[in-house]
Amino acid sequence: MLHSRDFAVFRRQLLDWFRQFRRDLPWRRTRDPYRIWLSEIMLQQTRVAAVIPYYERFVDRFPDIHTLAEVPEEEVLRQWSGLGYYSRARNLQKAARQIVAQHGGQFPTKLDEALALPGIGNYMAAAILSIAYGERLAVLDGNVARVLARLGALRGDLRESRRWQELQKVADAYLDPESPADWNQAMMELGATLCAPKSPQCLLCPVAQFCEGRKLSIAESLPEKRKKRATVEVTLAAVVLRDTNGLTLLLPPSQEKNMQDAPDHIPTLVSRMWHFPTVSVTGNPAQQLRRFLRDFLPVAKHAKFQLEPLGKVRHSVTYRAITIAPFLVNFKQLPRVPNAKRVPLREISSLPVSNLTRKVACAALAAAIPLAKKR
Ligand code: SF4
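Please read these numbers as outputs of a predicted model, since none were measured by experiment.

## Notes on the site of the ligand
In the vicinity of the ligand, the contacting residues are Arg150, Leu151, Cys195, Cys202, Cys205, Ala208, Cys211, Arg214 and Ala219. A breakdown of the residues in the shell around the ligand according to their chemical character gives 7 nonpolar, no polar and 2 charged.

Structure below.
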């Protein structure tokens, strides 16, 4: 922790650097709390470069909280499609509806009201309220925690509850009370650019003279590594039912209320979105899929059908390494399945589906191309 006499110089140097070198990002050209909130949600677990086109399309389509609150969830998921972690989009819309119902469509200005919204925790609330309304709330996320750990040469697992609380106190103490919006963005910018996880660029750092990690030559090794959850292998079999018009069947998102954390929980793996009939397997995928189809498709009980293997698809979701064995089954006419919807296989990429479903659709389309050429 810095000595209090150093605070003024430390703050001035960091703020001057930020104001001179900050990246020009679309959400930095506004003080609209809705847009700042949206950017913060999109930036969770996702790189800035990947977020920019999604952010721009999203604000074009839903320019304010009222518009976002009114549209069907499926429309929001369609705009989010490809960005992943779809619970973020669902919570965003739930919160928008709550803001319309309880705050007249204006993002709340009080911390407790912001924290009562779905998907908003301490970091998010501090970021939005400080940047949009100038509230004196210091942000603490992984980037800022890394900077603070290096500045103070802090060892150990930063996510451990007591250590995280201590870091929050340090972040609160460093916050510039005159410019909380710029201060928080400056800390995040330093963590995202010069003080990146690998190879911190200490020679260019505006606060290098205060950095204990640099003085002890241990900056790059901080923060110390957390124990990673062991990877779990999951095998799935999925079926693409296709008719002669190129239509396929997708099953609806699960309405299950309780979230399960079993590694092979299919609704979780397909991000609770429209998906191909899929089953978790431990033995022969074709045999187990055939058994699954007999239960699930009345027509499959009696009719003979050919399962055409489509190779293997790999995917990962958090700690799970997933191998999917997709199969194609051709029908003259698609069978009736309650609540399923028929969609053109070629158009699946433009629907609100998970990346796993999109990869299976790609495998089916790739297999269909040589067939089409032969005709
Ligand atoms: S001197 Fe290096 S390690 Fe310390 S805060 Fe700056 S970039 Fe990070």
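## A look at the confidence of the model for the chain
Of all residues in the chain, 95% have pLDDT values of 70 or greater, and the mean over the chain is 92. Of all the helices and strands in the chain, helix H15 (residues 298-302) carries the lowest mean pLDDT, 68, while helix H4 (residues 65-70) carries the highest, 98. Confidence drops under a pLDDT of 50 for residues 371-375, and excluding neighbours within four residues, the segment shows 1 contact in the predicted structure.

## Focus: the side chain of Arg146
Examined against the element boundaries, Arg146 turns out to sit in helix H9 (residues 142-151). Within the buried set, Arg146 has no salt-bridge partner at all; the shortest N-O distance to an opposite charge, 7.6 Å, is to Asp141. Those residues in contact with Arg146 that lie beyond four places of it in its chain are Leu158, Gly191, Cys195, Ala196, Pro197, Leu222 and Pro223.

## Considering the pairing of strand S1 (residues 232-242)
Most of S1 sits inside the fold, with 8 of its 11 residues counted as buried. Taken together, the 11 bridges between S1 and strand S6 (residues 320-330) define a ladder with parallel strand orientation. Of the residues in S6, the one forming a bridge with Thr235 is Thr323. The pairing of S1 with strand S3 (residues 278-280) spans 3 bridges and is antiparallel. Residue pairing in the sheet places Ala238 in a bridge with Thr278 of S3.

About the thresholds
Residues numbered from 1 in each chain as written. Predicted model: local features only at pLDDT ≥ 70, side-chain atom pairs only at ≥ 80, totals over all residues. Heavy atoms only, no water. Near = heavy atom within 4 Å. Nonpolar A, V, L, I, M, F, W, Y, C, P; charged D, E, K, R; others polar. pLDDT = per-residue confidence, 0-100. Helix = DSSP H or I, 4+ residues; strand = E, 2+ residues; numbered from the N terminus. Contact = heavy atoms within 4.5 Å. Buried < 20%, exposed > 50% of the residue type's maximum accessible area, 1.4 Å probe, protein only. Lys, Arg positive; Asp, Glu negative; His and termini not counted. Salt bridge = Lys/Arg side-chain N within 4 Å of Asp/Glu carboxyl O. Pairing = 2+ DSSP bridges.

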